[in-house]
Amino acid sequence: MLEAEDRSTPWQRVLWLKQSQYPDNYLDETFLDNLQRNVNVRQYTYKGLVFDTMPVTQHLCSIMVFVALFTHLHENTFKWKTLVAVTLLSSLAGYLYWERLTSCQQFRSNVVASTFVLTAILLLLSPVLQTLSKATTSDSIWPLSASLFALNAILADYGSEAREPWQPIQFPSSLSVNAAISASVVLSSRLSSHLQVFALVLFSIEWFALFPILRKQALRSLPDRVNAVTTSMLALLALLLLAPLSPAVSALYTITILALQFGIPLWLLRLQSLKNELRGPWDAAVPKVAID
């Protein structure tokens, strides 16, 4: 290793030169000249964070809509015939809207046949589904269903859904959908008739498996507008269903949704000012390979 000739030799930030006239931890005044702060940090806006939060809000509102409908069925304040009619009509309207978005009509007969078969199978299996957890006490059913809905919310896909038109639509996470439908089956054991079970499970399949696919397809055309309209409609629908059941729960739901949709983005935006990423010449070199 080479040694510096005398003390007048300026300090150099190199390893191959032995600079005995300077201590090992010596730093000169130019060390921080190349300091860079938050070079690669993405600067967020409040509007962007609000729109990024909307998929989470939509999913939580969807769960609350389902829970509210189950409660209405459980208390016999909502007829199962009405729920079946709403489910089938909304499925028909959703499929026609899907055809308009995708310009694909060659599978219409297959879709109709599959819908009829699925509906008939659910109707035949509804007495069995009702008895699956009939012997389990309600004290165990409520925590189990809440855990399944929490699992559904945790495993749901909240990523960017506005994909390019040539990219295929991805189905929702199978674990997330299975958790939601399992929760509906668990809750169905608390209903008084197998027809109510049929209506609830049929709605859960449409609500947790089919509706997210349609929403992703619609987000391709007008992502911000569709996001805002969908979030507003789901939040309002859940509130309208919860209001007759419990004013206290409705108030708590409203506060939670407002805090999630508008409070959390504001909090994240303020946390952005605390970001302090330091970069400089002391960082490890990153090789750059030119690919022709």
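Keep in mind that what you see is a predicted model, and the values were worked out from it rather than measured.

Focus on a nonpolar patch on the surface
Taken together, the side chains of Phe 116, Val 117, Ile 121, Leu 125, Val 128 and Leu 132 define a hydrophobic patch exposed on the protein surface, amounting to about 590 Å² of accessible area. Note on Phe 116: relative accessible area 64%, which makes it exposed.

Side note on the layout of surface pockets
Of the voids in this model, the largest pocket is the one considered here, and its volume is about 1,500 Å³. Lining of the largest pocket is provided by 45 residues; of these, Ser 90, Ser 91, Gly 94, Glu 206 and Leu 210 occupy positions nearest its centre. Contributions of two or more residues to the lining of the largest pocket are made by helix H1 (46–74), helix H2 (80–102), helix H3 (108–131), helix H6 (194–218) and helix H7 (223–242). If one sorts the elements of the lining of the largest pocket by residue count, H2 sits on top with 13 residues. Among the residues making up the lining of the largest pocket, the classes are represented as 34 nonpolar, eight polar and three charged.

Some thoughts on the environment of Ser 176
Tracing the sequence through the fold places Ser 176 in helix H5 (residues 174–188). Taking the C-alpha atoms as reference points, Ser 176 and Asp 157, separated by 19 residues in sequence, lie 8.5 Å from one another. If sequence neighbours within four positions are ignored, Ser 176 has contacts with Asn 152, Leu 155 and Ala 156.

What about the packing of aromatic side chains?
Remark: the centre distance and the inter-plane angle together describe each pair of aromatic rings, the angle taken between the planes. Under the defined criterion, the tally for this structure stands at seven aromatic pairs. For the pair Phe 203 and Trp 207, a centre-to-centre distance of 5.3 Å together with 20 degrees between the ring planes defines the contact as stacked. Highlighted residues: Phe 203 and Trp 207, both in helix H6, separated by four residues, approximately one helical turn. For the pair formed by Phe 203 and Trp 207, the shared burial category is buried. Consider the rings of Trp 207 and Phe 211, whose centres lie 5.2 Å apart with planes at 10 degrees: the pair is stacked. With Trp 207 and Phe 211 both in helix H6 and four residues apart, this pair spans about one turn of that helix. An aromatic cluster is defined as three or more aromatic residues linked by ring pairs; in this entry it consists of Phe 66, Phe 149, Phe 203, Trp 207, Phe 208 and Phe 211.

A look at the pattern of salt bridges
Side chains carrying opposite charge are able to pair once their charged atoms draw close together. By the definition in use, this model includes one salt bridge. Between Lys 216 and Asp 157 there is a salt bridge, and its shortest N-O distance comes to 3.5 Å. Placement of the pair is Lys 216 in helix H6 and Asp 157 in the loop between helix H4 (138–155) and H5, with a sequence separation of 59 residues. Here Lys 216 falls in the buried class, since its relative accessible area comes to 6%. Under the relative-accessibility criterion, Asp 157 is labelled partly exposed at 35%.

Structural notes on the environment of Val 112
Within the element layout of this structure, Val 112 appears in helix H3. For the pair formed by Val 112 and Tyr 95, sequence separation is 17 residues and the distance between their alpha carbons is 10.0 Å.

Reading guide: rules and limits
- Residues numbered from 1 in each chain as written.
- Predicted model: local features only at pLDDT ≥ 70, side-chain atom pairs only at ≥ 80, totals over all residues.
- Heavy atoms only, no water.
- Patch = residues over 30% accessible without salt bridge, like charges linked within 9 Å, V, L, I, M, F, W, Y side chains within 5 Å.
- Areas by Shrake-Rupley, 256 points an atom, 1.4 Å probe, with all protein chains shown as cover.
- Salt bridge = Lys/Arg side-chain N within 4 Å of Asp/Glu carboxyl O.
- Buried < 20%, exposed > 50% of the residue type's maximum accessible area, 1.4 Å probe, protein only.
- 1 Å grid on protein atoms, 1.4 Å probe; cavity = no way out; pocket = protein on both sides within 12 Å on 5 of 7 lines; lining within 4 Å.
- Points joined across faces, edges and corners; volume = space filled by probe spheres on them.
- Helix = DSSP H or I, 4+ residues; strand = E, 2+ residues; numbered from the N terminus.
- Nonpolar A, V, L, I, M, F, W, Y, C, P; charged D, E, K, R; others polar.
- Contact = heavy atoms within 4.5 Å.
- Phe/Tyr/Trp six-rings, centres within 6.5 Å; stacked < 30°, edge-to-face > 60°.

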